[in-house]
Amino acid sequence: MRDGNRQHSFVNLRVPSDATGSLKLRRTELPAGPSPAEIGEAPGAKFDAGKDASTPRRASSGPTRVLMVAMLFNMPYRVLRCAQASGAEVYVLGDLGARGLRFSRHCRRFVLSSCTIHGGRDGDLALEINCLVRDLGITMVMPGDALSTRALIASRDLIEAPCFPLPSLDQFDVLNNKWAFAQLCEELGVLYPATCLLPDAATLAQEIAMGRLRCPLVAKPLSRS
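Quantities reported herein were computed from a predicted structural model and do not represent experimental measurements.

Participant: Can you lay out the pairing of strand β7 (residues 140-143) for me, pointing to particular residues and giving the numbers?
Facilitator: Residues of β7 alternate between two faces, with Met140 and Met142 on one and Val141 and Pro143 on the opposite face, all of them buried. By the bridge criterion, 4 bridges tie strand β4 (residues 65-70) to β7 in an arrangement that is parallel. Its bridge partner being in β7, valine 69 is matched across the sheet by proline 143.

Dropping the structure here:
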């Protein structure tokens, strides 16, 4: 929200469906960040590669061939654009929610997965990936969204190609949970919007009606947008 020429970040309210808890609220005014146009579509930073770093790479005289695993459209599309802008040929193994990527000129080929990408260890998904690695000469496998990231972390010891550097499952689960991430920021002394945890939407409405929470605020489930 803009106030004159300044932009403020306000309270983020995280509302899970199955958790309770509380944290003392504090309001922190943060400086305005850069706009998407200013930062472009740079891919996010990743972590250690684990097994992936020691996996032999396939020799190739042509462009790097990347297989992106995805179950959604919006975020994977940005990842697709970034990977293709690096000079790689990008193939997509996608769930039903990622089907729209097949229309992108940045997608070399789209393969509809017979598996449901659920974020857990999946031998069948790993088998699909390995078949495409061999058939297409894939040099690297990378995720396009949160659940595909978690699925690759959980199954990467089954995958016969290097994976894009990824965190451990424990690290990912902390970073992908808004409440756990807020607590990590608190522990590290990193500024973040004032955050509290409520059990459901009805409690949120009651807190606003009682004046204990004031708008503007953002209410989100713990691991969803």
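Participant: Describe the pattern of salt bridges, and please don't skip the residues or the numbers.
Facilitator: For the structure shown, the criterion picks out 5 salt bridges. We note a salt bridge from glutamate 207 to arginine 212, for which the minimum N-O separation is 3.1 Å.

Participant: Before we move on, can you summarise helix α7 (residues 201-209) with the specific residues and values?
Facilitator: Of all the residues in α7, the buried ones are Thr203, Leu204 and Glu207. Down the axis of α7, the smallest arc covering the buried residues is 105°, so these residues share one side. Among the exposed residues of α7, those pointing more than 90 degrees away from its buried face are Ala201, Ala202 and Ala209. One side-chain oxygen of the residue at the start of α7 lies 3.3 Å from the amide nitrogen of alanine 202, identifying that residue as aspartate 200. With its phi angle positive at about 80°, glycine 211 sits one or two positions after the end of α7.

Participant: Before we move on, can you summarise the packing of aromatic side chains with the specific residues and values?
Facilitator: Counting across every chain of the model gives 1 aromatic pair. Ring centres of phenylalanine 73 and tyrosine 77 lie 5.7 Å apart, and the angle between their planes is 15°; on these two criteria the pair is classed as stacked.

About the criteria used
- Residues numbered from 1 in each chain as written.
- Predicted model: local features only at pLDDT ≥ 70, side-chain atom pairs only at ≥ 80, totals over all residues.
- Heavy atoms only, no water.
- Buried < 20%, exposed > 50% of the residue type's maximum accessible area, 1.4 Å probe, protein only.
- Helix = DSSP H or I, 4+ residues; strand = E, 2+ residues; numbered from the N terminus.
- Pairing = 2+ DSSP bridges.
- Salt bridge = Lys/Arg side-chain N within 4 Å of Asp/Glu carboxyl O.
- Arc of directions from axis to C-beta.
- Polar contact = N/O pair within 3.5 Å; in protein donor to acceptor, adjacent residues only side chain to side chain.
- Phe/Tyr/Trp six-rings, centres within 6.5 Å; stacked < 30°, edge-to-face > 60°.

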